[in-house]
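The lines below spell out each chain.
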Amino acid sequence: MAYRPRRLRLLQAISFAASLAVAALAHAADGAEALRQKYTELKPRLASNQFGQPLYIESTESPKQLKGEAYALLDYPLDKVAAALKTREQWCDVLILHLNTKYCHAAEVGGGPGLTVYIGKKDPQPLDQAYRVDFAYRADSTPEYLDVRMSADKGPVGTSDYRILVEAGAVDSRRTLLHLTYSYSYGMAGKLGMQGYLATVGASKVGFTVTGDEGGKPAYIGGVRGVVERNTMRYYLAIDSYLKEVDAPKTEQFERRLKDWFSATERYARQLREVEREEYMDMKRAEYQRQREAR
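Cut-off values and rules
Residues numbered from 1 in each chain as written. Predicted model: local features only at pLDDT ≥ 70, side-chain atom pairs only at ≥ 80, totals over all residues. Heavy atoms only, no water. Helix = DSSP H or I, 4+ residues; strand = E, 2+ residues; numbered from the N terminus. Rg over C-alpha atoms; globule rule 2.2 N^0.38 Å. Buried < 20%, exposed > 50% of the residue type's maximum accessible area, 1.4 Å probe, protein only. Contact = heavy atoms within 4.5 Å. Areas by Shrake-Rupley, 256 points an atom, 1.4 Å probe, with all protein chains shown as cover. Lys, Arg positive; Asp, Glu negative; His and termini not counted. Charge placed at Lys NZ, Arg CZ, Asp CG, Glu CD. Pairing = 2+ DSSP bridges. Axes fitted to C-alpha atoms, helices over the stretch in contact; angles between N-to-C directions. Salt bridge = Lys/Arg side-chain N within 4 Å of Asp/Glu carboxyl O. Expected span 1.5 Å × (residues − 1). Disulfide = S-S within 2.5 Å.

Chemist: How do you make sense of the overall build of the protein when you look at a structure like this?
Modeler: When helices and strands are counted, the protein shows 8 helices and 10 strands. In terms of overall dimensions, the protein is globule-like: its C-alpha atoms have a radius of gyration of 21 Å, near the 19 Å expected for 295 residues. Across its three principal axes, the protein shows a C-alpha extent of roughly 85 × 45 × 45 Å. Taking all 295 residues of the protein together, 46% fall into the buried category. Considering only contacts within the protein whose residues lie at least 6 apart along the sequence, 56% involve residues at least 24 apart. Just so you have it, the protein exposes about 15,100 Å², and 53% of that area is on carbon and sulfur atoms. Here the protein contributes 43 positive and 38 negative side-chain charges, whose respective centroids are spaced 4 Å apart.

Chemist: Sorry if this is basic, but what is going on with the sheet that holds strand β3 (residues 101–109) here?
Modeler: The strands making up a sheet associate through backbone hydrogen bonding, with each pair oriented either parallel or antiparallel. With antiparallel pairing, 8 strands are arranged side by side in an open sheet as β1-β2-β8-β7-β6-β5-β4-β3. The open sheet terminates on both sides in strands that have one partner only, identified here as β1 (55–62) and β3. Each strand axis lies, on average, 15° off the axis of its neighbour in the sheet, ignoring direction. Pairing geometry for strand β4 (residues 112–119) and strand β5 (residues 131–142), over 6 bridges, is antiparallel. Each residue of the ladder has a partner; that of Y118, found in β5, is R132. Across the face of the sheet, helix α5 (residues 223–244) comes into contact with β1, β2 (65–74), β7 (159–170) and β8 (176–186) while running at roughly 35° to β2.

Chemist: Even after reading the chapter, I still don't get the pattern of salt bridges, so can you show me in this structure?
Modeler: Scanning the entire structure with this criterion turns up 21 salt bridges. Ionic pairing is found between E33 and R36, a salt bridge with its closest N-O pair at 3.1 Å. In this pair, E33 and R36 both sit in helix α1 (residues 3–47), 3 residues apart, roughly one turn of the helix. When the shortest N-O distance is used, the salt bridge between R36 and E144 registers 3.9 Å.

Chemist: Honestly, the environment of A294 in this entry has me stumped. Any pointers?
Modeler: Inspection of the secondary structure assignment puts A294 in the segment after α8 (277–293). Taking the C-alpha atoms as reference points, A294 and L272, separated by 22 residues in sequence, lie 30 Å from one another. Ignoring any residue separated from it by four or fewer positions in sequence, one finds A294 in contact with Y103 and H105.

Chemist: Even after reading the chapter, I still don't get unusual backbone geometry, so can you show me in this structure?
Modeler: Excluding glycine, most residues fall at negative phi; most peptide bonds, likewise, are trans. For V157, which is not glycine, the phi dihedral falls at a positive 50°. Since its relative accessible area comes to 43%, V157 is described here as partly exposed. The residue D161 is not glycine, and still its phi comes out positive at about 50°. Among the secondary structure elements, D161 is positioned in strand β7. The class of D161 is partly exposed, set by a relative accessible area of 27%.

Chemist: I tried to follow helix α6 (residues 250–266) on my own but got confused; where do I start?
Modeler: Two residues of an α-helix separated by three or four positions point the same way, owing to the 3.6 residues in each turn. With 17 residues, α6 extends 25 Å between its outermost C-alpha atoms, agreeing within 8% with the 24 Å of an ideal straight helix rising 1.5 Å per residue. Inspection of α6 places Q253, F254, R257, L258, W261, F262, A264 and T265 among the buried residues, and these make up the whole buried set. Buried residues in α6 make contact with α5, α7 (269–272) and α8.

Chemist: Would you explain the state of the cysteines in this entry?
Modeler: Counting across every chain of the model gives 1 disulfide. C92 shares a disulfide with C104; S-S distance 2.1 Å. One quick way to see it: the torsion about the S-S bond of C92 and C104 is about -65°, and its sign makes the bridge left-handed. In this pair, C92 is assigned in helix α3 (residues 88–95) and C104 in strand β3, connecting sequence segments 12 residues apart. Here C92 falls in the buried class, since its relative accessible area comes to 1%. Taking the relative accessible area as the measure of exposure, C104 reaches 1% and is therefore buried.

Chemist: So what exactly am I meant to see when it comes to the pairing of β1 here?
Modeler: Note: β1 against β2, 8 bridges, orientation antiparallel. Along β2, the bridge assignment pairs L55 with A72. In sequence, β1 turns back onto β2 through a hairpin of 2 residues.

Encoded structure:
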C-alpha cells in the first residue's frame, strides 16, 4: 500500500533524529566531564596568577596553525551564561566590543546559520576596506554544558580554518568554567603578512605567557604566540564585559559594556593598549549604530 513507504521514511527520519539527539547528549556529557577535570587541574592557577582574577591563558604554535585558549571561572550560574551566549544576535553584541571587529550580522552561511563579520584596523574603517569573514554557527546546550562553535574556511590576511569556540560547564550552582579557543591556520601569504607586522608595529608587543625574568619583572612571550594571546584575551574580555551587564537596563547595556571592556584592557595595558578611551568609545558607538541599522 502507498502509505507504507511514507511511513517507513517517517520512521527512518525519527530514528535519525533520535540518533543525533543521543549523540549530542553524549557529546555534552563528555564535554562537561572534560571541563570538570580541567577545572581540577587548573584550580591552583586560577586561584593565584598574574591576572588578578581566576583566569588562565595559554597558546600553541605549529608550522601552520596558531591557537590561543582562555579558561575563566565566572561568578554566574551556567543557565545564566547559556542564556546570554546562545544566539547569533547576542554574539554580534559580544564581538563588536573587540577593537578589531567592525561589523557583525546574523546571516546564512553555507546553507545554514552563520555570522558575517568584518575584521579590520584599530581605527574607524569603511567596511569595503575591512576583511569579511563568514562564520558557520552552531550552539548546543544542556543543563550541564554549553557548546558554541563559529568556524570559517577563510579568515583575514591570508588565514584559513578560522575558529572561535566557546564551551562552559557548571562548577557548582553559582559558578561556571568558561573555555574559549581562538585559532587559525595560515599559508605563505599569512606568514609573510605576520612577519611584516612583527618586524614593524608589532615588534615590541608581547603576550601573557611568562618566559623568564627581566630585572625583577616578568618577561613575556612575543612573536606570533604573543599575537594570538592578545586576541584571545580581547575576545575573553568581550564575553566577560557582555555578561556583566546582562541585568542592566537595556538602554544602558551597550555603553556600560564599552566602558567595562576598555577598563578591563587597561588592567593589561602592557599587552593591550592600542587607543585612548574616547577614541575607542566613539569608534564603537559608530560601528554599533552601523550594525543595528543593518538588522
